Amino acid sequence: MTLRPIAVAISAHGFGHLGQCVPVVRALQRRFPGRRVVVLSEISPHVLRDFLGESVEFLPAPNHVSILMKDALRVDLNATSQAFVAWQSRYHEKVAAFVSVLRSIEPALLLSNVDHTPLSAARELGIPAFAMCSLNWADILESLFFEDANAVSDTDGGTLAKVCRDIRAVYNGAEAFLRVSPGMGMKSLTNLHRVNVLAREGERYDLHQRLGVPEHHRLVLLSLGGITQRLELDRWTLPDNTHWIVPDNACVPTDRSRITPFAELNMRFIDVLTSVDILLTKPGYGSFCEAWRNQTSVLYVRRPRWAEEAALIDWIQRHTPAQEVSLEAFERGNITGAMMALLQRPATFSSLPGGESEVLNHLAPYLV
């Protein structure tokens, strides 16, 4: 008997959604070695292979809707509201595109992180479907547009409120919404089940030797996640006795003796993260939880108006050496004060169980 595959739909809004899925996909492959896992995503195949390897099948997904960003730290409110309103106005058409893809796969179940549209397509085909994420688009939209009276006009408010209700109804129609920890409260979801942290584990390399950096210099990885932002590092004042691994598109000083563009390492991101001393990032699920998992300390700069942030910061402060960098200091490139404060914290990391076995307990009854 041919076993029907498992379909996993992954949002391309940054790489945190993909990072959450990696431990689950690996656990599924171990538990059900005879089943194909088919990933549907707009993320590039190169990145998908970097995260998941070659044992997973990748299919280009129909386009999906998510929060639109001005840069890695700031949401584009106008573009986001227009995108979600336009999407929901043609929702039947959008669902039909996913129905066509799912028909071609004939999966035993669908796991979506965290687009609601493939959940509707699965329901139309009678395919069991689960949502899994630390956030959901309905709650994120409400926090962006309804917690600040100036964020949305009276004319648009009613339309956006209906969009949020419609999205939430789809989530509530899934077999379960698996809320990954740390994450938003999501009190309005009636099918919520909390699962423990999901994070990749990397391999540690001796980057001091590879880069020719003195052992007493701290290695700092600068990464704002999967959303591009050009950084003017030629204006920064780098703390003494540090060496920085930076995005390839960063504007770097002429003297590059203390800076290495990421691509020059020819390494997987997770292995670089595991091999450095400090990660400078924004509050994001993948960045925070993968730093914790691989025992890398964290400097972070807040991202304005992002509702998931409070839960993430509370969690990282309790489980990992972490220190905030003010947005003003970050934009000036003055990291020294925050780094000195971080180095005064105890270098202790909590031990927590992973959530992949809990996810499998929800999925396994549909894969017998």
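As shown above, the structure is provided for reference.
Everything quoted here is computed from the prediction, not taken from an experiment. (Residues numbered from 1 in each chain as written. Predicted model: local features only at pLDDT ≥ 70, side-chain atom pairs only at ≥ 80, totals over all residues. Heavy atoms only, no water.)

## A few points about the sheet that holds strand 11 (residues 278-281)
Sheet architecture is open: six strands sit in the order 10-9-8-11-12-13, paired in parallel fashion. In the strand order of this sheet, the two ends are held by strand 10 (259-261) and strand 13 (322-324), each with one partner. Direction aside, neighbouring strands of the sheet carry axes that sit 20° apart on average. Where strand 8 (residues 218-222) and strand 11 come together, three bridges link them in parallel fashion. Residue pairing for strand 11: Leu221 is matched across the bridge by Leu279. In this fold helix 10 (residues 285-293) packs onto strand 11 and strand 12 (297-300), with an angle of close to 170° to the strand it touches most, strand 11. (Pairing = 2+ DSSP bridges. Helix = DSSP H or I, 4+ residues; strand = E, 2+ residues; numbered from the N terminus. Axes fitted to C-alpha atoms, helices over the stretch in contact; angles between N-to-C directions. Contact = heavy atoms within 4.5 Å.)

## What to know about the side chain of Ser287
When you line up the elements, Ser287 lands in helix 10. Residue classification places Ser287 among the buried residues on the basis of a relative accessible area of 14%. Looking at Ser287, its side chain comes within polar contact range of the side chain of Thr281, at 3.3 Å. With near-sequence residues (within four places) excluded, Ser287 lies in contact with Leu279, Thr281 and Lys282. (Buried < 20%, exposed > 50% of the residue type's maximum accessible area, 1.4 Å probe, protein only. Polar contact = N/O pair within 3.5 Å; in protein donor to acceptor, adjacent residues only side chain to side chain.)

## Observations regarding the state of the cysteines
For the structure on display, the rule yields zero disulfides. Cys133 carries a free sulfur, and the closest cysteine sulfur to it, the one in Cys21, is 8.1 Å from it. Cys133 provides the cysteine sulfur closest to Cys164, a residue in no disulfide bond, and the two sulfurs are 16 Å apart. On the basis of relative accessible area, Cys164 is assigned to the buried category, the value being 1%. (Disulfide = S-S within 2.5 Å.)

Scope: geometric values only; no functional claims are made or implied.
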